[in-house]
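# Close look at the chain arrangement
So you can see what is in the structure, the chains are spelled out below.
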Amino acid sequence: MLSQCIVLRHDNTCPHSAGVTQNLIQQFGWEQFDHPPFSPDLAPSDYHLFLNLKRDFRRRHFDSDEDAENGVQQSLSSLAASFFEEGVHKLVSHYDKCVNNGGNYVEK
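Cut-offs used in this document
Residues numbered from 1 in each chain as written. Predicted model: local features only at pLDDT ≥ 70, side-chain atom pairs only at ≥ 80, totals over all residues. Heavy atoms only, no water. Phe/Tyr/Trp six-rings, centres within 6.5 Å; stacked < 30°, edge-to-face > 60°. Buried < 20%, exposed > 50% of the residue type's maximum accessible area, 1.4 Å probe, protein only. Core = buried A, V, L, I, M, F, W, Y, C linked by side-chain atoms within 4.5 Å. Helix = DSSP H or I, 4+ residues; strand = E, 2+ residues; numbered from the N terminus. Polar contact = N/O pair within 3.5 Å; in protein donor to acceptor, adjacent residues only side chain to side chain. Contact = heavy atoms within 4.5 Å. Expected span 1.5 Å × (residues − 1). Bend = angle between axes of the 7 residues up to and from the residue.

### A look at the packing of aromatic side chains
- All chains considered together, the criterion is met by 3 aromatic pairs.
- Each ring, one from Phe 28 and one from Trp 30, has its centre 4.9 Å from the other, and the planes form 20°; the classification is stacked.
- Look at Phe 28 and you get partly exposed, because its relative accessible area is 49%.
- Consider the rings of Phe 83 and Phe 84, whose centres lie 5.3 Å apart with planes at 85°: the pair is edge-to-face.

Written out as structure tokens, the structure reads:
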């Protein structure tokens, strides 16, 4: 059986950098990837999820905020787990490009 490696990628916000959090991460033996500052393009929601939503909702109009919320909920609910897994796997190449680019913006 293969052992599973857990890697956390998070920013340097207080909840993530707090001593209690860091102690737990160390206790569990999890590896951490720090989020380079000013690199919003490393958020899977930005480069994977929102691109998909933008494509799904292009030229669509909603009569109310509630209709829009329902449309987004239905769209997200219809996505298979593999879609989200693919987004996480893309993070590796995005992170690598960002680090090799000195933390600057990564083209999609």
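### Quick word on the nonpolar core
- Leu 49, Leu 53, Phe 57, Leu 79 and Phe 83 form the largest nonpolar core, which has 5 residues in total.
- Among the elements that line this core, the one with the most residues is helix 3 (residues 44-57), at 3 residues.

### Some details on the side chain of Ser 75
- If you trace the backbone, Ser 75 turns up in helix 4 (residues 65-78).
- Separated by 3.2 Å, the side chains of Ser 75 and Asp 56 make a polar contact.
- The contact partners of Ser 75, leaving out residues within four places of it in the chain, are Leu 53, Asp 56 and Phe 57.

### A short note on helix 3
- The end-to-end C-alpha distance of helix 3, which contains 14 residues, comes to 19 Å, matching closely the 20 Å that a straight helix rising 1.5 Å per residue would cover.
- At Phe 50, helix 3 shows its maximal kink, close to 35°.
- Where helix 3 is concerned, the buried positions are Tyr 47, His 48, Leu 49, Asn 52, Leu 53 and Phe 57.
- In this structure, the buried side of helix 3 is in contact with helix 4 and helix 5 (81-100).
- Just past helix 3, the residue Arg 59 takes up positive phi, approximately 65°.

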